[in-house]
Amino acid sequence: DAGVTQSPTHLIKTRGQQVTLRCSPKSGHDTVSWYQQALGQGPQFIFQYYEEEERQRGNFPDRFSGHQFPNYSSELNVNALLLGDSALYLCASSWAGVADTGELFFGEGSRLTVL
Amino acid sequence: SQQGEEDPQALSIQEGENATMNCSYKTSINNLQWYRQNSGRGLVHLILIRSNEREKHSGRLRVTLDTSKKSSSLLITASRAADTASYFCATGSGGGADGLTFGKGTHLIIQP
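What counts and how
- Residues numbered from 1 in each chain as written.
- Chains lettered and ligands numbered in written order.
- Predicted model: local features only at pLDDT ≥ 70, side-chain atom pairs only at ≥ 80, totals over all residues.
- Heavy atoms only, no water.
- Helix = DSSP H or I, 4+ residues; strand = E, 2+ residues; numbered from the N terminus.
- Buried < 20%, exposed > 50% of the residue type's maximum accessible area, 1.4 Å probe, protein only.
- Polar contact = N/O pair within 3.5 Å; in protein donor to acceptor, adjacent residues only side chain to side chain.
- Contact = heavy atoms within 4.5 Å.
- Pairing = 2+ DSSP bridges.
- Axes fitted to C-alpha atoms, helices over the stretch in contact; angles between N-to-C directions.
- Phe/Tyr/Trp six-rings, centres within 6.5 Å; stacked < 30°, edge-to-face > 60°.
- Lys NZ or Arg CZ within 6 Å of the ring centre and 35° of its normal.
- Salt bridge = Lys/Arg side-chain N within 4 Å of Asp/Glu carboxyl O.

S.K.: Break down the overall build of chain A for me, with residues and values.
M.R.: In terms of regular secondary structure, chain A is built from zero helices and 11 strands. N-terminal to C-terminal, the α/β element order of chain A is β-β-β-β-β-β-β-β-β-β-β. Seen along its three principal axes, the alpha-carbon backbone of chain A occupies a region of about 40 × 30 × 25 Å. For chain A, the residues scored as buried account for 47% of the 115 residues in total.

This is the structure:
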């Protein structure tokens, strides 16, 4: 049973560029959440996708956008990259059938460096 | 913004000793979870305690929750070198659509 997979694992971009990160959820999961983790900090919630719609969003500008596909996989897009966007981007999957925010299954992350 | 605050920020103990980490949070919660992260990799779920529970055990882990003080503690008994990692508490405040709010973490080092 494959867990949450993310790609790419590492990437380097320059300021102003755009990046797309990809995530495949754990088998049987239909909900994907994205988190940003700066060095030495805890993860911060970016947004969550369910049924191909953004269901909730954290305190991130609209330079951060996403998409969920019919097979439940998801993409995170960041436009007009800033140096401060350098971070580990984590994808987490879950099943919408739980009544509250239960256990999340995380991928290994995509480490983005903006120069 | 971070809701939870773990204490201490860093902890170094000898293998075999017990490790205790604390977490405080600010708003009302539905549940509180603890996660482990090894050296900048993905997070692994350890244990979830609901707001109507006071204590929960899982193997060598014991979690307590005091909603009146808005605090939780994680105890790892008989620590092992493999327990070296960062530990984060995370709170969920509502329905399934809510993202988790993480603290800054406690970095635990187990000396062999």
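S.K.: Report on the side chain of Thr 20 of chain A, specifying residues and quantitative values.
M.R.: Residues and elements named next belong to chain A. Its location among the elements puts Thr 20 in strand E3 (residues 19-24). A polar contact is formed between the side chain of Thr 20 and the side chain of Gln 18, at a distance of 3.0 Å. Within the structure, Thr 20 has its side chain in polar contact with the side chain of Asn 77 (distance 2.7 Å). Among residues more than four places away in sequence, those in contact with Thr 20 are Pro 8, Glu 75, Leu 76 and Asn 77.

S.K.: Quick rundown of the side chain of Ser 86 of chain B? Include the residues and the values.
M.R.: All names here are of chain B. Of note, Ser 86 is situated in strand E9 (residues 85-92). In this structure the side chain of Ser 86 is engaged in a polar contact, spanning 3.3 Å, whose partner is the side chain of His 107. Those residues in contact with Ser 86, other than ones at most four positions away along the chain, are Tyr 35, Arg 36, Gln 37, Thr 106 and His 107.

S.K.: Account for the sheet that holds strand E8 (residues 74-78) of chain A, naming residues and giving values.
M.R.: Residues and elements named next belong to chain A. Taken in spatial order, the four strands of this open sheet run E1-E3-E8-E7, and their pairing is antiparallel. Each end of this open sheet is capped by a strand with a single partner; those strands are strand E1 (5-7) and strand E7 (64-68). Here the average twist between neighbouring strands, direction ignored, is 20°. Inspection of the sheet shows E7 paired to E8 by five bridges, in the antiparallel sense. When the sheet's bridge partners are listed, Phe 64 is paired in E8 with Val 78.

S.K.: Can you tell me about the pairing of E3 of chain A, naming the residues and giving the values?
M.R.: A regular strand places its side chains on the two faces of the sheet in alternate fashion. All names here are of chain A. Examined bridge by bridge, E1 and E3 share three bridges and lie antiparallel to one another. When the sheet's bridge partners are listed, Thr 5 is paired in E3 with Ser 24. Pairing geometry for E3 and E8, over five bridges, is antiparallel. Counted as the bridge partner of Thr 20 is Asn 77 from E8.

S.K.: Break down the packing of aromatic side chains for me, with residues and values.
M.R.: A complete count under the given rule lists nine aromatic pairs over all chains for this structure. When the centroid spacing of 6.2 Å and the interplanar angle of 75° are considered together, the rings of Phe 106 of chain A and Phe 102 of chain B count as edge-to-face. On the criterion of chain membership, the pair formed by Phe 106 of chain A in strand E10 (residues 105-106) and Phe 102 of chain B in strand E10 (residues 101-102) is interchain, its members lying in two chains. Using a relative accessible area of 11% as the deciding quantity, one classes Phe 106 of chain A as buried. The exposure class assigned to Phe 102 of chain B is buried, which follows from its relative accessible area of 1%. These aromatic residues form a ring-pair network of at least three members: Tyr 35, Phe 45 and Phe 106 of chain A together with Tyr 35, Phe 88 and Phe 102 of chain B. Residue placement shows Lys 26 of chain A over the ring face of Phe 105 of chain A; its charged tip is 5.1 Å from the ring centre.

S.K.: Can you lay out the environment of Ser 24 of chain A for me, pointing to particular residues and giving the numbers?
M.R.: Residue and element names in this part refer to chain A. One can find Ser 24 in strand E3. On the basis of relative accessibility, which here comes to 34%, the residue Ser 24 falls in the partly exposed class. The spatial distance from the C-alpha of Ser 24 to the C-alpha of Tyr 49 is 12 Å, given a sequence separation of 25 residues. When sequence neighbours within four positions are dropped, the list of residues in contact with Ser 24 reads Gly 3, Val 4, Thr 5 and Ser 73.

S.K.: Give a description of the pattern of salt bridges that names residues and reports values.
M.R.: Proximity of charged atoms lets side chains of opposite charge pair with each other. Inspection of every chain in the model, using the stated rule, returns six salt bridges over all chains. The partner of Glu 54 of chain A in a salt bridge is Arg 57 of chain A, with the nearest N and O atoms 3.0 Å apart. By relative accessible area, which is 36% here, Glu 54 of chain A ends up partly exposed. Between Glu 55 of chain B and Arg 62 of chain B there is a salt bridge whose closest N-O contact spans 3.2 Å. Judged by relative accessible area, which is 42%, Glu 55 of chain B ranks as partly exposed.

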